[in-house]
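One-letter residues, chain by chain:
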Amino acid sequence: MRSKASDKNDADKRNDEVIAMHPAESGMQVGRALLHALHNAGISVLYQDREMRTVWARNMRAPWASETADGKNLLSPAQAERIGAAKRKVVETGNADRLELGIPDSDGVRWFHIWIDADRSDSGEVQGVVTTMVETTEQKRREQTLKTLLREVSHRSKNLLAIIQSIATQTGRYSETLADFLTRFRGRLQSLASSQDLVTSSNWRGAALQELVFGQVGRYSADPKRSLRFDGENPYLNPNAALHIGLAMHELAVNSVSYGALSQPDGQVKVSARIAAGSETSPGLLLVWTERIGAGRRNEKRFGSVALERVVPTSLNGSATLEIDKGNLEYRLTIPRGNFETD
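Conventions and cut-offs
Residues numbered from 1 in each chain as written. Predicted model: local features only at pLDDT ≥ 70, side-chain atom pairs only at ≥ 80, totals over all residues. Heavy atoms only, no water. Helix = DSSP H or I, 4+ residues; strand = E, 2+ residues; numbered from the N terminus. Contact = heavy atoms within 4.5 Å. Areas by Shrake-Rupley, 256 points an atom, 1.4 Å probe, with all protein chains shown as cover. Pairing = 2+ DSSP bridges. Axes fitted to C-alpha atoms, helices over the stretch in contact; angles between N-to-C directions. Core = buried A, V, L, I, M, F, W, Y, C linked by side-chain atoms within 4.5 Å. Buried < 20%, exposed > 50% of the residue type's maximum accessible area, 1.4 Å probe, protein only. pLDDT = per-residue confidence, 0-100.

## Structural notes on the overall build of the protein
- If you tally the helices and strands in the protein, you get nine helices and 13 strands.
- Across the protein, the fraction of contacts at a sequence separation of at least 24, relative to all contacts at a separation of at least 6, is 58%.
- Only carbon and sulfur atoms are counted for the fraction: they give 52% of the accessible area of the protein, which is about 20,300 Å².

Structural data, given as structure tokens:
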């Protein structure tokens, strides 16, 4: 039975034979291959002696080339001195150094990692420095984008928690029993979740008004295309507006299922959206919900009314009215321009 050591020796012999079969593998071939690798990876390499005289350079690009096409050096004097001081220190101590440098460019800032290594002779004396420059601009931009997104997610999450806290407080205030509270609170959380799904699927841009309205009413209607008629503008709501208008649509739909058009087999809710004649430079959006409503609706203020007339318009810096007269219910919500886009 052969030992592992014997197998390793045989493998080493085969490797030696393979190497021996390629005597044409010269330093020139290796050099050409490494040049291709440097070019493809965007790596610049500079070799200088102890006096900082350039001995050779490979794949030098701006800003590491001495001059750009227009003859202007891209490195500032301070940056050039920083790199020079680091190289001199490497020559003196023999210890490698590493820098990160941001260089202004027409497209913003270009970022580079710079490695400075000592080149030693056979006797161990430092005889030069090898400087390797690698551009990390795209990596830096991705990191900055990720940090921005994480801050945005944190901000949105805090806003959402504040909304939930407000809903819980107001729901508790207008609930007579724990069971009543839980039923209403769950419905409102589901409304927020539905609106939040639209916001998230748009990469936090927001939600289209028509899709939001149909989504909220559709949770309480077997056939929303028949029971809901939507006409007018279909602006794109920002995330905050989407969540609060979604809550308003939820409250109206719940009320309609109990006392209004959605409680009737042939009942229909009408929702219209029009650009309001407010400021000429910044017109708002007028959202109107109308329906026929039964006589059984209670007239006292409950959270639904408070949300529609106070919570939602205040959160949008807008205004709202809720009127019930002669069997008709009309809710009018004026939404300032900063909450939506029409393009």
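## Considering the sheet that holds strand β8 (residues 236–237)
- What the three strands build is an open sheet, ordered β6-β8-β13; its pairing is antiparallel. This sheet does not close on itself; its edge strands, each paired only once, are β6 (207–208) and β13 (340–341).
- Strand direction decides the pairing type here: β6 and β8, joined by two bridges, are antiparallel. Counterpart to A208 in the pairing with β8 is Y236.

## With respect to the sheet that holds strand β5 (residues 126–135)
- Read across the open sheet, the five strands follow the order β2-β1-β5-β4-β3; overall the sheet is antiparallel. Because the sheet does not close on itself, it has two edges, and the strands there are β2 (54–58) and β3 (97–105). Strand-to-strand twist of the sheet, defined as the mean angle between neighbouring strand axes without regard to direction, takes the value 20 degrees.
- Bridging between β3 and strand β4 (residues 108–120) involves nine bridges; their strand directions are antiparallel. Following the sheet pairing, I103 is matched in β4 by R110.
- Strand contacts of helix α3 (residues 77–93): β1 (43–49), β3, β4 and β5, with the helix running at about 165 degrees to β3, the strand carrying the most contacts.

## What about the nonpolar core?
- One finds L209, I245, L287, W289, Y331 and L333 to be the most contacted residues of the largest nonpolar core, which totals 36 residues.
- Ranked by residue count, the leading element in this core is helix α8 (residues 239–259), at seven residues.
- Once you skip the residues sitting within four places of it in the chain, L287 turns out to touch L209, I245, M249, V271, S272, A273, Y331, R332, L333 and I335.
- Residues W64, L101, F112 and I116 belong to the second largest nonpolar core, which totals 15 residues.

## Focus on the confidence of the model for the protein
- For the protein, per-residue confidence averages 84 on the pLDDT scale, and 85% of positions sit at 70 or higher.
- For the protein, helix α1 (residues 4–20) is the element with the lowest average pLDDT, namely 52, and strand β7 (residues 228–232) is the one with the highest, namely 95.
- Note on residues 17–21: pLDDT under 50 across the span, and zero contacts to partners over four residues away in sequence or across chains.
- A low-confidence stretch, residues 67–72 stays under pLDDT 50, and its non-local contacts, those more than four residues away or across chains, total two contacts.

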